[in-house]
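Tertiary structure, described
Chain residues, written in single-letter form:
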Amino acid sequence: MSRPLTATPAHASAKLALTGDVARPARLTVADLMAWPQHRVRASFECATSGVQHHRFGGPLLHDVLTDAGPGFDPVRRKDRLRFLIAVTGTDGHHALLTWAEIDPDFAHAPVLLAVSIDETPLDLAGPQLVLPQDRCGARHISGINAIRVDGGYSSWLSGDGPRLA
Ligand SMILES: Nc1nc2c(c(=O)[nH]1)N[C@H]1C(S)=C(S)[C@@H](COP(=O)(O)O)O[C@H]1N2
Ligand SMILES: [Mo]
């Protein structure tokens with residue numbers, strides 16, 4: 001019996017699920033991420049267990065990719081963006097939260113990348129890596145990213161539309 005055409009080939013590129021409060025959720029490969037303007041950064045970070053590391057990364061800005069997904073805030077009201085969180089998860093379950101304001105050009109404007117290469121080696125199979133040149137510690141440089149969720153829910157909790165505490 002032949003393999004069904006829908007079977008995932010062994011060489012399939014890792015896919016990143018972009019979901020949450022966005023108008024256009026997407027499943028993106030590293031090749032897809034090459035469609036945005038590419039930036040290059042050198043980043044050094046320290047780990048409590050393995051010491052200081054230096055790497056060169058290339059890839060799109062996280063802000064550019066998420067903006068094109070259509071986050072559900074009012075684009076002309078800067079204050080409306082402040083309730084948005086970005087949850088980034090790797091295939092091993094390691095995850096971290098960023099606030100939208102960290103990467104927004106009107107606020108902290110951190111040059112956070114979704115890297116598609118590390119030290120000139122493509123990340124097609126491993127999946128993209130989060131790069132935060134502003135971080136001293138390496139813990140948020142999440143490798144093998146398979147999910148990013150944009151969450152604007154915090155204000156609905158405050159206004160009482162969301163879950164309530166007893
Ligand atoms: N997916 C994933 N990414 C991760 C981690 C992890 O456990 N899982 N550890 C982080 C920590 S604590 C550090 S210091 C750096 C280490 O980078 P290295 O794996 O290149 O040594 O990766 C970060 N990215
Ligand atoms: Mo670390």
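Details of the structure are given in the entry above.
Thresholds, definitions, all that
- Residues numbered from 1 in each chain as written.
- Chains lettered and ligands numbered in written order.
- Predicted model: local features only at pLDDT ≥ 70, side-chain atom pairs only at ≥ 80, totals over all residues.
- Heavy atoms only, no water.
- Pairing = 2+ DSSP bridges.
- Helix = DSSP H or I, 4+ residues; strand = E, 2+ residues; numbered from the N terminus.
- Buried < 20%, exposed > 50% of the residue type's maximum accessible area, 1.4 Å probe, protein only.
- Polar contact = N/O pair within 3.5 Å; in protein donor to acceptor, adjacent residues only side chain to side chain.
- Contact = heavy atoms within 4.5 Å.
- Near = heavy atom within 4 Å.
- Areas by Shrake-Rupley, 256 points an atom, 1.4 Å probe, with all protein chains shown as cover.
- Nonpolar A, V, L, I, M, F, W, Y, C, P; charged D, E, K, R; others polar.
- Salt bridge = Lys/Arg side-chain N within 4 Å of Asp/Glu carboxyl O.

Quick look at the sheet that holds strand E3 (residues 39-47)
Pairing in this open sheet of 4 strands is antiparallel, and the strands run E3-E4-E8-E9 from one edge to the other. Lying at the two open borders of the sheet, with one neighbouring strand each, are E3 and strand E9 (121-122). Direction of pairing for strand E8 (residues 117-118) relative to E9: antiparallel, over a ladder of 2 bridges. Paired with Ile118 across the strands is Thr121, a residue of E9.

Some details on the pairing of strand E4 (residues 51-59)
Across 9 bridges, E3 lies against E4 in antiparallel orientation. For Glu46, the partnering residue across the bridge sits in E4 and is Val52. In this antiparallel pair of consecutive strands, E3 and E4, the connection spans 3 residues. Two strands pair when backbone bridges link them, and E4 and E8 are joined in this way by 2 bridges, in the antiparallel orientation. If you follow Phe57 over to E8, its bridge partner there is Ile118.

Focus on unusual backbone geometry
The backbone phi angle of His109 is positive, close to 50°, even though this residue is not glycine. The residue Glu120 is not glycine, and still its phi comes out positive at about 70°. With respect to the helices, strands and loops of the structure, Glu120 is situated in the loop between E8 and E9. A relative accessible area of 44% means that Glu120 is categorised as partly exposed.

Observations concerning the pairing of strand E1 (residues 15-20)
Summarising the sheet, E1 and strand E2 (residues 26-29) pair through 4 bridges and their orientation is antiparallel. Its bridge partner lying in E2, Leu18 is registered against Ala26. The hairpin formed by E1 and E2 contains 5 residues between the paired strands.

Concerning the side chain of Asp80
Examined against the element boundaries, Asp80 turns out to sit in the loop between helix H2 (62-68) and strand E5 (85-90). A polar atom in the side chain of Asp80 sits 2.9 Å from the side chain of Arg83. Leave out the neighbours within four places in its chain, and Asp80 touches Phe73 and Asp74.

A word on the site of ligand 1
All residues in the neighbourhood of ligand 1 are listed as Phe45, Cys47, Gln53, Asp92, His94, Gly138, Ala139, His141, Ile142 and Ser143. Between a nitrogen atom of ligand 1 and a side-chain N or O atom of Asp92, the distance comes to 2.7 Å. In this structure, Ser143 approaches ligand 1 through a main-chain N or O atom, which is 2.9 Å from a nitrogen atom. In the complex, 65% of the free accessible area of ligand 1, which totals 520 Å², lies under the protein chains. Here the shell around ligand 1 is built from residues that sort into 4 nonpolar, 5 polar and 1 charged.

Let's talk about the pattern of salt bridges
For the structure shown, the criterion picks out 8 salt bridges. Linked by salt bridges that have partners in common, Arg40, Arg56 and Glu120 make up one network.

Focus on the side chain of His55
Assignment of secondary structure puts His55 in strand E4. By relative accessible area, His55 is classed as buried at 17%. Engagement of the side chain of His55 in a polar contact is seen with the side chain of Gln53, the distance being 3.0 Å. Excluding its chain neighbours within four sequence positions, the residues that come into contact with His55 are Val41, Arg42, Ala43, Phe45, Ile118 and Asp119.

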